[in-house]
Amino acid sequence: MPKERVIVYIDGFNLYFGMVQAGIPNTKWLDVKSLAEDLLTANQELVGVQYYTSRVSNNAEKQKRQTTYLEAIESTGVDIFYGQYQSNTIKCNRCPHEWVSYNEKMTDVNIAVDIIMDGINDKYDAAMLISGDSDLVPPIRAVINNFLGKRVFVAFPPMRQNNTVKLAAKGCFVIGKRKIQQNQLPNAIKKLDGYVLTKPKEWVDGLL
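The paragraphs below set out a description of the structure included in this document.

Thresholds applied
- Residues numbered from 1 in each chain as written.
- Predicted model: local features only at pLDDT ≥ 70, side-chain atom pairs only at ≥ 80, totals over all residues.
- Heavy atoms only, no water.
- Helix = DSSP H or I, 4+ residues; strand = E, 2+ residues; numbered from the N terminus.
- Buried < 20%, exposed > 50% of the residue type's maximum accessible area, 1.4 Å probe, protein only.
- Contact = heavy atoms within 4.5 Å.
- 1 Å grid on protein atoms, 1.4 Å probe; cavity = no way out; pocket = protein on both sides within 12 Å on 5 of 7 lines; lining within 4 Å.
- Points joined across faces, edges and corners; volume = space filled by probe spheres on them.
- Nonpolar A, V, L, I, M, F, W, Y, C, P; charged D, E, K, R; others polar.

## Side note on the overall build of the protein chain
Within the protein chain, the secondary structure is distributed over 7 helices and 10 strands. Buried positions account for 43% of the 208 residues belonging to the protein chain. The long-range share in the protein chain, meaning contacts at least 24 apart out of those at least 6 apart in sequence, stands at 69%.

Structural data, given as structure tokens:
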């Protein structure tokens, strides 16, 4: 009997901040492809890992660490799709104070488009969504209601369980801390061009 083909769609910021909120130490050098494989059952086959994020633009050191990490997971065969990291000026209604807030945009839209188009093109039998974002409920329902025999199941990042998402999906579970701890990249990774990427030393102390 052929195995169920699975594509894993990862909401990068949702996963990252779930891990941060859960306080899992020294795990930000996460091997998302290895984690995806570890979350499958024996009758499933991983056919793709798609990681959705935006490039941080408000801090040079954070940018450098993020770039290193994205190049590292890309070297394992993960496909990365970028949204936008936007700044917004917020004004206090009671005083003249202003401050800048940064928000990640387009990840949910990019995931929604890809999960539906990949279904149309019959690229998977099941889609695993790693996110707890309720904005992704419509594409979950669209796949389930329009593609006979296909399903979407959700792997919630730590601290990101969402009942609305749970009710929409065809199955869900929470990614345990041990799974995250066990699926870390090597401290040094050689890219195809020979350049060696190393785990940022700051991440041992829990920085972004």
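## Here we look at the layout of surface pockets
For the largest pocket, the calculated volume is near 240 Å³. Lining of the largest pocket is provided by 14 residues; of these, Lys64, Arg65, Thr68, Thr198 and Pro200 occupy positions nearest its centre. Looking at the lining of the largest pocket, the elements that each hand over two or more residues are helix H3 (60-74) and strand E10 (196-198). Ranked by residues supplied to the lining of the largest pocket, first place goes to H3 with 6 residues. Classifying every residue of the lining of the largest pocket by side-chain character gives 4 nonpolar, 3 polar and 7 charged.

From the geometry alone we can't say anything about function, so treat these as descriptive.
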